[in-house]
Amino acid sequence: MITIPYLTAITTYFSYGLLFAFGQLRDFFRRIVDWWSSSNLQGYAPICLGLEDFYIRRLYLRIQDCFGRPIASAPDAWFHVVERFSNDCNKTLKRTDKTKRCLNLGSYNYLGFAAADEYCTPRAIGSLKKFSPSTCSSRVDGGTTALHTELEECVANFVGKPVALVFGMGYVTNSAIIPVLIGKGGLIISDSLNHSSIVNGARGSGASIAVFQHNTPSNLEKVLREQIANGQPRTHRSWKKIIVVVEGIYSMEGELCKLPEIVAICKKYKAYVYLDEAHSIGAVGKTGKGVCELFGVDTADVDIMMGTFTKSFGSCGGYIAGSKELIQYLKYTCPAHLYGTSISPPAAQQIISAIKVILGEDGSSRGAQKLVRIRENSNFFRSALQKMGFEVLGDNDSPVMPIMLYNPAKIPAFSRECLKRNVAIVTVGFPATPLLLARARICISSSHTKEDLVKALEVISTVGDLVGIKYFPAEPKKDLQEEGMVKLD
């Protein structure tokens, strides 16, 4: 639970109020001008909703140069950002031929596989020559190659489940799977900060939905008890099934799921556990096997394990791992499997190769070194930010670390000033976060060197002072180069 400082909350509300008031005033004069001009759409309802359209025009477009920045290289520790300009106050942005080399603190390249790799890249290129970029077919038609079969076996062994099923898109893995698993008469109990893909999947299922306080097992138990006691709406019959949905690492909070306590509660009340490991698989745990390995939870106690390949594996797509009966049922009923184009063969080969590197099956210790480095980089960076006085969310070992900005004016200020100093950072505001809880989200990679992190900290500290987002007193300054971190060759 984030507690907003009183003064910060007042100034943030005031800023949004000012933007809203001036925006409404400008819209009033705009309607007067438009009244005199002819329209070919008279009699039609507005195709854009009023408040959403207002937010886009009067707030988002003013700072859209901070979002959707195009890149011109692989998303490695350093990458090239394409420079853009606008001649109409940011309503439209035009690309230039110029690029800017920036330190990458925004990509989900946790283990550094998104860039060229001595083991993965040649094999991905080889699969491209053998199979082509796409199967041009769904899995049930002509879209299953030997690589897809090998990938599913590889993923199942890696996560510790009997079988797995892979999909071409991570978002769809949640949004298409959940409606197949549960429907009318069932109950989904979802963490209040679950990802949009989970929310949309739950809404599309037709099941009843209950929400528990973010990462709070005691509240989950309270919600479970109440829902079991009350039963289905109107009829009060027992629920056909109950699924509790949580994430391994919450992507906007950087927090690790309290999985042992949640699993114990679900076993007590006979509820299924659905675990989304999009950001945790490959990134945490001694051998990169996610939060189950990190917390010592038996994978047999997690009924449905979901994850994506876009973060730690440098590829695309997602997977569901579970029992043989579950996967066989999904193969017959899941629209993403029946109708969606199968994952690209080179992307599948990239994932297989990355898993082999992580497990040391490539004949080297690079995978183990990457896992040590991502953990040390993350903990070093988080600790340094906190000592500087920033409000940083999340837990140790998590490579995701949000820095709270709050005020809407600080979103573009922080982003633009960092970019000026060759550091590319992702800033996030409403509707991805609650209105008052704007933040900058930093993603650390094992490919970052100690020098990279020190440079980033120096820039963020300078910009933090300039923008005014150090909400806590800073500790006495020390030389960042001397702080404890194991340097791997």
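Residues numbered from 1 in each chain as written. Predicted model: local features only at pLDDT ≥ 70, side-chain atom pairs only at ≥ 80, totals over all residues. Heavy atoms only, no water.

### Overview of the overall build of the chain
Scanning the chain from N- to C-terminus turns up 15 helices and 13 strands. Here the C-alpha coordinates of the chain stretch approximately 65 × 60 × 50 Å along the principal axes. Residues classed as buried in the chain amount to 51% of the 489 residues present. In the chain, once contacts between residues fewer than 6 apart in sequence are set aside, the share between residues at least 24 apart is 71%. Carbon and sulfur atoms make up 56% of the accessible area of the chain, which amounts to about 23300 Å² in all. One finds the centroid of the 55 positive side-chain charges in the chain at a distance of 5 Å from the centroid of its 45 negative side-chain charges. (Helix = DSSP H or I, 4+ residues; strand = E, 2+ residues; numbered from the N terminus. Buried < 20%, exposed > 50% of the residue type's maximum accessible area, 1.4 Å probe, protein only. Contact = heavy atoms within 4.5 Å. Areas by Shrake-Rupley, 256 points an atom, 1.4 Å probe, with all protein chains shown as cover. Lys, Arg positive; Asp, Glu negative; His and termini not counted. Charge placed at Lys NZ, Arg CZ, Asp CG, Glu CD.)

### Let's talk about helix α2 (residues 50–60)
Of the positions making up α2, those classed as buried are F54, R57, R58 and L59. When α2 is viewed along its axis, its buried side chains cluster within an angular range of 160 degrees and face the same direction. Tucked inside the fold, the buried residues of α2 contact α1 (6–36). (Arc of directions from axis to C-beta.)

### Overview of a nonpolar patch on the surface
Together, F14, L18, F22, L25, F28, F29, I32, W35 and W36 give the surface a local cluster of nonpolar side chains, amounting to about 1100 Å² of exposed area. When you line up the elements, I32 lands in helix α1. (Patch = residues over 30% accessible without salt bridge, like charges linked within 9 Å, V, L, I, M, F, W, Y side chains within 5 Å. Salt bridge = Lys/Arg side-chain N within 4 Å of Asp/Glu carboxyl O.)

### Re the side chain of S353
With respect to the helices and strands, the residue S353 is situated in helix α12 (residues 345–359). Not counting chain neighbours up to four residues away, the residues in contact with S353 comprise Y119, C120 and R123.

### Observations regarding the packing of helix α5 (residues 170–181) against helix α10 (residues 324–333)
Following both chains from N to C, one finds α5 and α10 inclined at 105 degrees, their axes separated by 11 Å at the closest point. In terms of their interaxial angle, α5 and α10 are classed as roughly perpendicular. For the pair α5 and α10, the contacting residues are I177, V180 and L181 in the first and L326, Y329, L330 and T333 in the second. Among the residues making up the contact of α5 with α10, the classes are represented as six nonpolar, one polar and no charged. (Axes fitted to C-alpha atoms, helices over the stretch in contact; angles between N-to-C directions. Parallel < 35°, antiparallel > 145°, perpendicular 65-115°, else oblique. Nonpolar A, V, L, I, M, F, W, Y, C, P; charged D, E, K, R; others polar.)

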